[in-house]
Amino acid sequence: MYRKTLLPNGVRIVSEAIPYVKSVSVGIWIGTGSRSEETDNHGISHFIEHLMFKGTESRTAKDIAETVDAVGGQLNAFTAKEYTCYYIKVLDNHLDLAMDVLSDMLLASKFDPGDVNREREVVLEEVNMYEDSPDELVHDLYLDNVWPQHPLGRNILGTTDSIGKFDRRLLTEYYRDFYTPDNIVISAAGNLTHEALEELAIKYFGAMQGVKRKLISPAPQLASTHVLHQKDTEQIHLCLGTVSVPQDSPTIYVAHILNNILGGGISSRLFQSIREERGLAYSIYSYQSNYSDCGLFTVYAGTRPANVNQVVELILQNIAELRSTGIAATELRKTKEQLKGSLLLGLESSSSRMSRIGKLEITQGRYTSLDEVVDKIETVSLEDLNQMMSSNFSTDQLCFTALGPLKDVVLPKILKL
């Protein structure tokens, strides 16, 4: 069901045929994101993503939107730390149209100075909107604190100062450096054949030229910082975390299982202990951030100032219990089934399948079958989990960031982590 082709110019094509659906989803993945940026062009990957929708030599921004809407399609994009993706979902008989629109956007965008100035205002509004969302903002502050002076520690949007410097020259220079055929993956899933996709890829992307600019970006070093940010909000939002593993690590599934047990769902230890049993938070969860050469494990909670010390104590208590008493065999079995079920149920659409194979190719350069993933989940042992808890969750590796009305709150227990 999975196929891969490498075009002569370096563009990679991956596909997964799903003959029982009526849709196709196509994604163009670019191997660049905020990690590729410098301090003076911080946010440029995301800004270019916006500009790709503003018009080409043959289509206006309105034409692009109307072309996709006319066939009931869905067109969007997103920027991440290490890649950018432009994607479209249409009925299977509109695959050619999907490739036409995506290639036109990515290869013929005008970068018109007027569009740059207008979109600058849009992105600045996005930055301001983010500043008004403390439950999201705290994660960026946390990354900046744990990975200071490193591109992975910077947010994706950029700052008011950096966005204000963007002009056509700077944008097109960055575009030429990274929007190159050897840095592009075309992924598609749905009711299609690989041969048809390959033919269209040659038609629309086969003439691309160029080579990606090489970057030297060493892995960040964790700074075990405890940082408090004052902001007038109703809740205190906090992130507490430690190191995890890179995305291609042989122990990645150990990390995912550990995350699920601690705070990955409504049956997790943190959710049950802090929300269900004591009602101290509405939102409490943990998550993994896994990149090409590093990883981060994070616990997030939002709670009233009066409850913050108790919430932090309970998070630390749950981590300490995992380290001291380990995990029961029944809990491991339940979590494995939960992880497998979540994985398989999440891949029932053409868009999710396209996203999976595209992300695997752009980040790891290879495909991992679902059977292989299930097998790797099954091989995780209690010893593996206990080893990761012992090595990754020592007290001196824990990092803490809080955002909220902290000026009148005494936080001695937090500061003594």
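Visitor: Help me understand the layout of surface pockets, please; the structure alone is not making it clear to me.
Guide: Rolled over the atoms, a probe sized like a water molecule indicates the empty space that remains. Quantified by volume, the largest pocket comes out at close to 1500 Å³. As for the largest pocket, its lining consists of 46 residues, and the residues nearest its centre are Tyr83, His256, Gln288, Asn290 and Lys359. At the level of elements, strand E4 (74-79), helix H5 (134-146), helix H9 (252-263), strand E9 (283-290), helix H12 (329-345), helix H13 (350-364) and helix H14 (370-379) are the ones that each hand at least two residues to the lining of the largest pocket. It is H13 that provides the largest number of residues to the lining of the largest pocket, a total of 7 residues. Considered class by class, the residues forming the lining of the largest pocket number 18 nonpolar, 19 polar and 9 charged. Contributing elements (two or more residues each) for the lining of the second largest pocket: helix H4 (113-131), H5 and helix H6 (160-164). In terms of residues, the lining of the second largest pocket owes the most to one element, H5, which gives 4 residues. In terms of residue class, the lining of the second largest pocket is built from 5 nonpolar, 8 polar and 6 charged.

Visitor: Explanation requested: the side chain of Glu82 in the structure shown.
Guide: Summarising the element assignment, Glu82 is placed in the loop between E4 and strand E5 (84-91). Residue classification places Glu82 among the buried positions, given a relative accessible area of 18%. Within the structure, the side chain of Glu82 is placed 2.8 Å from the side chain of Arg35, a separation counted as a polar contact.

Visitor: Just to check I follow, could you spell out the packing of aromatic side chains for this structure?
Guide: Aromatic ring pairs are described here by two measures, namely the spacing of the ring centres and the angle between the planes. All told, the structure shown has 14 aromatic pairs when counted by the stated rule. Arranged with centres 6.0 Å apart and planes meeting at 65°, the rings of Trp147 and Tyr291 form a pair that is edge-to-face. Separated by 144 residues along the polypeptide, Trp147 in the loop between H5 and H6 and Tyr291 in the loop between E9 and strand E10 (295-303) bring together distant segments of the chain. Among the residues examined, Trp147 registers a relative accessible area of 2% and is labelled buried. Judged by its relative accessible area of 13%, Tyr291 is buried. Where Phe297 meets Phe393, the ring centres are 5.1 Å apart and the plane angle is 75°; that geometry is what we call edge-to-face. You can see Phe297 sitting in strand E10 and its partner Phe393 sitting in the loop between helix H15 (382-392) and strand E11 (399-404), a full 96 residues away along the chain. A relative accessible area of 2% means that Phe297 is categorised as buried. Among the aromatic residues, those joined into a cluster by ring pairs are Trp29, Phe78, Tyr83 and Tyr87.

Cut-offs used in this document
- Residues numbered from 1 in each chain as written.
- Predicted model: local features only at pLDDT ≥ 70, side-chain atom pairs only at ≥ 80, totals over all residues.
- Heavy atoms only, no water.
- 1 Å grid on protein atoms, 1.4 Å probe; cavity = no way out; pocket = protein on both sides within 12 Å on 5 of 7 lines; lining within 4 Å.
- Points joined across faces, edges and corners; volume = space filled by probe spheres on them.
- Helix = DSSP H or I, 4+ residues; strand = E, 2+ residues; numbered from the N terminus.
- Nonpolar A, V, L, I, M, F, W, Y, C, P; charged D, E, K, R; others polar.
- Buried < 20%, exposed > 50% of the residue type's maximum accessible area, 1.4 Å probe, protein only.
- Polar contact = N/O pair within 3.5 Å; in protein donor to acceptor, adjacent residues only side chain to side chain.
- Phe/Tyr/Trp six-rings, centres within 6.5 Å; stacked < 30°, edge-to-face > 60°.

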